[in-house]
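Spelled out from the first residue to the last, the chains are:
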Amino acid sequence: MTPHPPATPAQPSYRPPSTSRGRAPGPVAASRAAAEPAADPRWARPALWALLLVTAVLYLWSLSASGYANQFYSAAVQAGSESWKAFFFGSSDAANSITVDKPPAALWPMVLSVRLFGLSSWAILVPEALMGVATVGVLHGAVRRRFGAGAGLLAGGALAVTPVAALMFRFNNPDALLCLLMVCAVAAVLRALDDGRTKWLVLAGVCFGLGFLTKTLQAWLILPALAVVYVCCGPVALRRRLGQLLLAGLAIVVSGGWWVAAVELWPAASRPYIGGSQHNSFLELTFGYNGFGRITGNETGSVGGGGGRPGGRGGWGETGITRLFSSDMGGQISWLLPAALILLVASVWVLRRARRATDAERAGQRAEFLVWGGALLMTFTTFSFMSGIFHQYYNIALAPYIAALVGMGAGLFWRRGGRRAPFVLAVAVAVTAGWSFVLLNRSPEWLPWLRWTVVALGLLSAVGLVALGLLSVRAGAPVRAGASAGDGEQAGDGEQAREGAGTRDGEPVGDGASPGRSPLRTGRHLAVLVAGLGVVTALAGPVAYTLDTVNTPKSGSIITAGPAVRGGMGGPGGGFPGGRRAGMWRGANGGTGGPGPGGPQGTRQAGRQGTQQSNNQAASPGRFPGQGQAAGGGRRAGGQGFPGGPGGFGERGAGRMGGMGGLLNGSKVSAKAKALLEKDAGDYTWAAAAIGSQNAASYQLATEKPVMAIGGFNGSDPSPTLDQFKKDVADGKIHYFVAGGHGGPGGGRGGPGGGRGGSSKITSWVEKTFEKVTVGGATFYDLTRKA
């Protein structure tokens, strides 16, 4: 090969793109060429469509069994389908008394679906499932560009069967849309790293802006990592990189700030109260309850906040580096987390010497590892140490980053060959098998054969990979299994096949031997088998958890994936707040996974009884799966009560509801109660008022009439005040008051954190002033008739 003249920089080893004037391309053009995927094998496109089809079936299967899922958001969707003003603000009811405690972007797709197809479980949840399919597709495409079709399929498949992803893409919380937007943002940044075009960074900025309108500051967790990687690795001049990032920042401000500006400038008297805030301010909500309060634990108006605790405990469980591996978190997200970290470190080390000017492909691969790895580490660190509200399902944010790193790392070492590659993969498989055994052993009576099968297959795969490595060393050449796997790509990270011996990073690359040499041929066939065993080992546990999740209806505010686990915690900690308890826990079918009948003596059997009860409820007409008792009905087996001492949360104060049914899940609405609220409802602005959004949501969804949520989600927001409520009653705007609202600790006697006691004062005034009516097991006060 003729060397370049001294004045000409060496070009990458791949074939450079042709130019009209015959000049060799610069680093940016070389990077673009390196990023373009090689021609995909014939099986790649059918495999992608099969992956998307399986994902769609998985996420749509028995979707309506979950009813309205989280009724808090479903009620807001119903309100938006009736009122464009409620659509814009994200109001809990069509009369616009108060908003949900998040921006409204996540509600908009569901509202549009309900406007098109009518109010139903399917109309609300199908958009979430389609977001899951889209996320898998975008992740596949982002990984495939540099690492091949096989790596893209592995990454997409790993995301699709991550238990918490399957959970949330079948649910109506904002996390589904946020996950899709974050994957799109990362994919856009990767394209900008390929070709240096500003449009990709602007597109990423738009995704981050829309992410802010979905779940406020959580969308920006990964921003610092992505910005730093682009500044360090972007293919254009530094000054241009900085200018591009400023434009991306402007895109964030415009795409996310327009709604914020409209809300803040809108006269407060003519818009709904901002739920979750204590002073009717979205900025306060953003930087307080939904912002830095989540980090410090000082969340005014929340349930279980109040800052960190001694010994590394937050108000919502133990904090620290092992938090996401704990009993209640591990099965949701951590199956492939150790492997992702191992492959991230090993891949960055292997690619550490790549330079864009001389090896653009491998330099681009390293940049992609830094992007996905930076996103993972930023999110992992924040989740591990935050002291505020933290639910298990938040971990969906980590799912695409873990899946991408596993697919990219496996693809890199599969295609690269080299003496160390089989050993790196063997370590990743062995660690994954061992950790899967630990996770499965936390549910000892659930599929007991599976954990031993995973260990056996994992050890067999790891030993096979080690054997491949030793075979490679003895043969004097790396086993290039990827070249024989039919993926249409040449071995060695896309380098052209060469005859004769060579080295890369000090490792031998090719020895001039014929491909027909028996040790190499044997190694290739063995590699395909061993790789298949490794994939089965890695995904067996997540697939089992995911299938259990898909087959179990979910509803309420706190849900989890998979079977009951030993040593888990329910809700804030395992008591309130922050405590743990022994025994089995499953917070999947009725909101929180509280103790079984009789309080803290709850066992796995009680949990299963609760699961069975939830499944039975799913089949009952007029009752959605996992719903709690009617107001005043008390705590049911299987977790409807809030965890913590005997009788759950409700007995810690003079509660009007047993447990926390009105806070964490809605109430069952009888046909008689529905008929009562529907009668003459058109003559009133609100058919009824209830303490807390979940309690109000049940009646609103049953009647499709506006129901005022006093105090917002927690019952602690100062909306309305007692004077405002009296005025609305005097003006004939509210017909009934629903008794039995929680109002936070104290059962309607004042909200947590806020300390204003607005809901308590309203309750006391209503009880003293108006006539009580009991219908269908529920108690109401007719606000048109004085006692």
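Residues numbered from 1 in each chain as written. Predicted model: local features only at pLDDT ≥ 70, side-chain atom pairs only at ≥ 80, totals over all residues. Heavy atoms only, no water.

### A look at the sheet that holds strand β10 (residues 770-775)
Pairing in this open sheet of five strands is mixed, and the strands run β8-β7-β9-β11-β10 from one edge to the other. The open sheet has two edge strands, β8 (707-710) and β10, and neither has a second partner. Averaged over neighbouring strand pairs, the angle between their axes works out to 30 degrees when direction is ignored. Summarising the sheet, β10 and strand β11 (residues 778-786) pair through six bridges and their orientation is antiparallel. Residue pairing in the sheet places T774 in a bridge with T779 of β11. (Pairing = 2+ DSSP bridges. Helix = DSSP H or I, 4+ residues; strand = E, 2+ residues; numbered from the N terminus. Axes fitted to C-alpha atoms, helices over the stretch in contact; angles between N-to-C directions.)

### Focus on the pattern of salt bridges
Working definition: two side chains of opposite charge can pair if their charged atoms are close together. The final tally for this structure, using the stated rule, is 11 salt bridges. A single network of salt bridges, built from pairs that share partners, joins R145, R146, D194 and E368. (Salt bridge = Lys/Arg side-chain N within 4 Å of Asp/Glu carboxyl O.)

### Remarks on unusual backbone geometry
Cis geometry is found at the peptide bond from S719 to P720, where omega equals -5 degrees. Tracing the backbone shows P720 in the loop between β8 and α26 (722-730). Unlike most non-glycine residues, T216 shows phi in positive territory, near 45 degrees. At E704, a position not held by glycine, the phi torsion is positive, near 60 degrees. By the element assignment, E704 lies in the loop between α25 (693-703) and β8. Residue classification places E704 among the partly exposed positions, given a relative accessible area of 40%. (Buried < 20%, exposed > 50% of the residue type's maximum accessible area, 1.4 Å probe, protein only.)

### Let's talk about the layout of surface pockets
By volume, the largest pocket amounts to about 730 Å³. Lining of the largest pocket is provided by 36 residues; of these, L154, A410, W414, A531 and V535 occupy positions nearest its centre. Residue contributions to the lining of the largest pocket peak at eight residues, all from helix α21 (residues 518-550). Its residues assigned to classes, the lining of the largest pocket comprises 24 nonpolar, nine polar and three charged. (1 Å grid on protein atoms, 1.4 Å probe; cavity = no way out; pocket = protein on both sides within 12 Å on 5 of 7 lines; lining within 4 Å. Points joined across faces, edges and corners; volume = space filled by probe spheres on them. Nonpolar A, V, L, I, M, F, W, Y, C, P; charged D, E, K, R; others polar.)

### Looking at the packing of helix α11 (residues 223-233) against helix α12 (residues 238-265)
As a packed pair, α11 and α12 sit with axes 9 Å apart at the nearest point and diverge in direction by 155 degrees. Regarding the angle of α11 to α12, the classification is roughly antiparallel. Note on packing geometry: the crossing formed by α11 with α12 is right-handed. From α11, L223, A227, Y230, V231, C232 and C233 reach across to α12, where they touch L238, R241, L242, Q244, L245 and I252. Tallied by class, the residues present in the contact of α11 with α12 amount to 10 nonpolar, one polar and one charged. (Parallel < 35°, antiparallel > 145°, perpendicular 65-115°, else oblique. Left-handed = near helix turned anticlockwise from the far one by under 90°. Contact = heavy atoms within 4.5 Å.)

### Describing the packing of helix α15 (residues 337-350) against helix α18 (residues 421-441)
In helix packing, the relevant descriptors are the interaxial angle and the interaxial distance, both defined with respect to the helix axes. Look at α15 against α18: their axes get within 8 Å of each other, and the N-to-C directions meet at 160 degrees. Judged by the angle between their axes, α15 and α18 are roughly antiparallel. Relative to α18, the crossing made by α15 is right-handed. For the pair α15 and α18, contact is made by P338, A339, I342, L343 and A346 and by V424, L425, V427, A428, V431, T432 and W435, respectively. The class makeup of the residues in the contact of α15 with α18 is 11 nonpolar, one polar and no charged.

### Quick notes on the side chain of S436
Tracing the backbone shows S436 in helix α18. For S436, a relative accessible area of 0% puts it in the buried group. If we ignore the near neighbours within four places in the chain, the residues touching S436 are W335, V454 and T537.

### Things to note about the confidence of the model for the chain
Confidence in the prediction of the chain, expressed as mean pLDDT, is 79, and 71% of residues score 70 or more. Residue range residues 478-522 is modelled with pLDDT below 50. Its contacts to residues more than four positions away, or to other chains, number 98 contacts. (pLDDT = per-residue confidence, 0-100.)

### Notes on α12
The end-to-end C-alpha distance of α12, which contains 28 residues, comes to 38 Å, matching closely the 40 Å that a straight helix rising 1.5 Å per residue would cover. Where α12 bends most, the angle comes to about 50 degrees, and this point is G257. Of the residues making up α12, those classed as buried are R241, Q244, A248, A251, I252, S255, G256, W259, V260 and V263. The inward-facing, buried residues of α12 abut α4 (84-89), α5 (107-117), α10 (198-215), α11 and α13 (282-296). (Expected span 1.5 Å × (residues − 1). Bend = angle between axes of the 7 residues up to and from the residue.)

### Digging into the nonpolar core
With 161 residues, the main nonpolar core has L139, L193, L226, W372, F383, I402 and F413 as its most contacted residues. Considering each element in turn, this core owes the most residues, 16 residues, to helix α9 (residues 175-195). With sequence-adjacent residues up to four places away left out, W372 is seen in contact with L139, A142, V186, L190, P400, Y401, A404, L405 and M408. In terms of nonpolar packing, the next biggest core, distinct from the first, is built from 17 residues, A688, Y699, A709 and V775 among them. (Core = buried A, V, L, I, M, F, W, Y, C linked by side-chain atoms within 4.5 Å.)

### Side note on the packing of aromatic side chains
Here the distance between the centres and the angle between the planes together describe a pair of aromatic rings. A complete count under the given rule lists 31 aromatic pairs for this structure. A ring pair is formed by F88 and W259, whose centres lie 6.3 Å apart and whose planes are at 45 degrees; its orientation type is tilted. A residue pair is termed long-range when its members are at least 10 positions apart, and F88 in helix α4 and W259 in helix α12 qualify at 171 residues. The structure contains a cluster of three or more aromatic residues connected by ring pairs, namely W84, F87, F88, F89, W108, F212, W220, W258, W259, W266 and F282. Sitting over the ring of Y394, K215 keeps its end group 4.0 Å from the ring centre. Above the face of the Y289 ring, R294 is positioned so that its terminal group lies 5.1 Å from the ring centre. (Phe/Tyr/Trp six-rings, centres within 6.5 Å; stacked < 30°, edge-to-face > 60°. Lys NZ or Arg CZ within 6 Å of the ring centre and 35° of its normal.)

### Here we look at the side chain of S461
Summarising the element assignment, S461 is placed in helix α19 (residues 448-475). Of note is the side chain of S461, whose polar atom sits 3.1 Å from the backbone oxygen of V530. Contact partners of S461, with chain neighbours within four places excluded, come to V429, V530, L533 and G534. (Polar contact = N/O pair within 3.5 Å; in protein donor to acceptor, adjacent residues only side chain to side chain.)

### Digging into the pairing of strand β9 (residues 734-738)
For β9, the tally of buried residues reaches five of five residues, placing the bulk of the element in the interior. The sheet contact formed by strand β7 (residues 686-691) and β9 spans four bridges and is parallel. If you follow A688 over to β9, its bridge partner there is Y736. Sheet topology places β9 next to β11; three bridges connect them, and they run antiparallel. If you follow Y736 over to β11, its bridge partner there is D782.

### What to know about the state of the cysteines
Within this structure, the stated rule accounts for zero disulfides. Of all cysteine sulfurs, the one in C184 lies closest to C207, which takes part in no disulfide; the gap is 5.1 Å. Note on C232: no disulfide assigned, nearest cysteine sulfur contributed by C233 at a separation of 5.8 Å. (Disulfide = S-S within 2.5 Å.)

### Concerning the pairing of β7
The buried fraction of β7 is high, at six of six residues. Sheet analysis places β7 next to β8, joined by four bridges and oriented parallel. Among the inter-strand pairings, A688 is bridged to a residue of β8, identified as V707.

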